[in-house]
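So the chains spell out like this:
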Amino acid sequence: MKRPITAALAVIGYVIMIVPIIFVVATAFTAGSTLRFPPDGISLRWFDEALGYEPFIEAAISSLELAVLATALALLIGVPVTLAIHRGKLPGKGLVEGLFLAPLIVPELVVGLALFQQLMIGMDLDNFSTLLVGHTALMLPYAVRVTGASLALADPVLEEAARGLGASPLRAFFNVTLPLLRPGIFSAGLLSVVTSFNNVPLSLLLQGRDLRTLPVTMLDYVQQSYDPMVAAASTLILAATVVIAMIAERTVGFAKIFGGINQ
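Rules and cut-offs
- Residues numbered from 1 in each chain as written.
- Predicted model: local features only at pLDDT ≥ 70, side-chain atom pairs only at ≥ 80, totals over all residues.
- Heavy atoms only, no water.
- Axes fitted to C-alpha atoms, helices over the stretch in contact; angles between N-to-C directions.
- Helix = DSSP H or I, 4+ residues; strand = E, 2+ residues; numbered from the N terminus.
- Parallel < 35°, antiparallel > 145°, perpendicular 65-115°, else oblique.
- Contact = heavy atoms within 4.5 Å.
- Nonpolar A, V, L, I, M, F, W, Y, C, P; charged D, E, K, R; others polar.
- Phe/Tyr/Trp six-rings, centres within 6.5 Å; stacked < 30°, edge-to-face > 60°.
- Buried < 20%, exposed > 50% of the residue type's maximum accessible area, 1.4 Å probe, protein only.
- Salt bridge = Lys/Arg side-chain N within 4 Å of Asp/Glu carboxyl O.
- UniProt positions renumbered as here; feature names shortened; annotations may be inferred.
- pLDDT = per-residue confidence, 0-100.
- Core = buried A, V, L, I, M, F, W, Y, C linked by side-chain atoms within 4.5 Å.

**A short note on the packing of helix H3 (residues 54-86) against helix H10 (residues 214-224)**
Logical step 1: Put simply, H3 and H10 touch, their axes get as near as 8 Å, and they point 150 degrees apart. Considered as vectors, H3 and H10 are oriented roughly antiparallel to each other. Listed contacts from H10 to Pro 55, Phe 56, Ala 59, Ala 60 and Ser 63 of H3 are Leu 214, Pro 215, Thr 217, Met 218 and Tyr 221.
Logical step 2: A per-class count over the contact of H3 with H10 returns 8 nonpolar, 2 polar and no charged.

**Digging into the packing of aromatic side chains**
Logical step 1: Tallying each qualifying case throughout the model produces 4 aromatic pairs.
Logical step 2: Here Tyr 53 and Tyr 221 contribute two aromatic rings whose centre-to-centre distance is 5.4 Å and whose plane-to-plane angle is 70 degrees, an arrangement assigned as edge-to-face. One end of the pair, Tyr 53, is in the loop between helix H2 (45-52) and H3; the other, Tyr 221, is in helix H10, and 168 residues separate them in sequence.
Logical step 3: A relative accessible area of 28% places Tyr 53 in the partly exposed class.
Logical step 4: Using a relative accessible area of 12% as the deciding quantity, one classes Tyr 221 as buried.
Logical step 5: Aromatic side chains Phe 56 and Tyr 221 sit 5.6 Å apart centroid to centroid with 65 degrees between the ring planes, which places their arrangement in the edge-to-face category. Of this pair, Phe 56 sits in helix H3 while Tyr 221 sits in helix H10; the two residues are 165 residues apart in sequence, bridging distant segments of the chain.
Logical step 6: A residue is classified by how much of its surface remains accessible, and Phe 56, at 4% relative accessible area, is buried.

**Some words on the pattern of salt bridges**
Logical step 1: On inspection of all chains with the given rule, the structure shows 1 salt bridge.
Logical step 2: The residue Arg 212 makes a salt bridge to Asp 220 at a minimum N-O spacing of 2.0 Å.

**Examining the UniProt feature "transmembrane region" (unreviewed entry) in the protein**
Logical step 1: When the UniProt feature table is mapped onto this chain, "transmembrane region" (unreviewed entry) is found at residues 7-29, 66-86, 98-119 and 229-248.
Logical step 2: Here residues 229-248 is 100% helix and 0% strand, with 29 Å between the C-alpha atoms at its ends.

**Let's talk about the confidence of the model for the protein**
Logical step 1: Mean pLDDT over the protein: 80, with 86% of residues reaching 70 or higher.
Logical step 2: When mean pLDDT is compared element by element in the protein, H3 scores highest at 89, while helix H12 (residues 254-259) scores lowest at 53.
Logical step 3: Across residues 259-263, confidence stays below pLDDT 50; counting only partners more than four residues off in sequence or on other chains, it has 6 contacts.

**Focus: the environment of Ser 234**
Logical step 1: On the secondary structure map, Ser 234 appears in helix H11 (residues 229-251).
Logical step 2: Not counting residues within four places of it along the chain, the set of residues in contact with Ser 234 comprises Val 24 and Met 218.

**Remarks on the environment of Gly 208**
Logical step 1: You can see Gly 208 is positioned in the loop between helix H9 (201-206) and H10.
Logical step 2: Considered as a pair, Gly 208 and Phe 128 are 80 residues apart in the sequence and their alpha carbons are 8.5 Å apart.

**Examining the nonpolar core**
Logical step 1: Counting residues in hydrophobic clusters, the biggest one holds 19 residues, and the most contacted among them are Ala 74, Leu 115, Leu 131, Leu 202 and Leu 206.
Logical step 2: Elements with a minimum of two residues in this core: H3, helix H5 (108-121), helix H6 (127-153) and H9.
Logical step 3: Sorting elements by how many residues they give to this core places H6 first, with 7 residues.
Logical step 4: In contact with Leu 206, not counting residues within four places along its chain, are Gly 112, Leu 115, Phe 116, Met 120, Asn 127, Thr 130 and Leu 131.
Logical step 5: Core analysis: the next-biggest nonpolar cluster, separate from the first, contains 17 residues, Trp 46, Phe 47, Val 230 and Ala 233 among them.

This is how it looks when you write it as structure tokens:
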């Protein structure tokens, strides 16, 4: 009796997630001038409009720069923390890991308000620097948890063998540990870039007149216009995300990495 109920709930969940996406994608190919389903004919007109709309292009470049820098900083901080938690003799490892995973629990608006008060008002930082700090903090859980899963799947005997054969700690890290961590680092980096690029709450609170991220720019556009250009832009972002996920799966195997998270 439990399996049919579970299967029905799973189907309902998939329908709730997928049907709105289908509506958005279908609307993006409309030949009409308004958001309407079913679409009025088939056309690539709105994709051309989205790719040529300057505010979207400028915002996409800003979002990509922010995502790449935040991901790099999160990995630079998160990988050493992961090594200290899983391989080092760090006191209170559970507490340290919990602190680095806290951004997943704390509401982003609370984080944004704290950053606004402490960094923008208290330290007079500009919008980009404050957003970079905020996005880095939000990406730290991915860096710590996903690279930690990759490290948990690795055999520590390999590192001990390298040490036993005379390798220095630094050489053992670069020749043995880092290659073992590479799939997790790659996966964490992709997840962080995609998550940062699509972030709305923190970016909405901290961006300024001279810095606009793509999701917030699209949100502003929807409030002013009712044409399908935002649907076309959303479809392009969705397609890029799917392609990135497929490449990552073929390259490192997401299922293997995320299977280690539960271990």
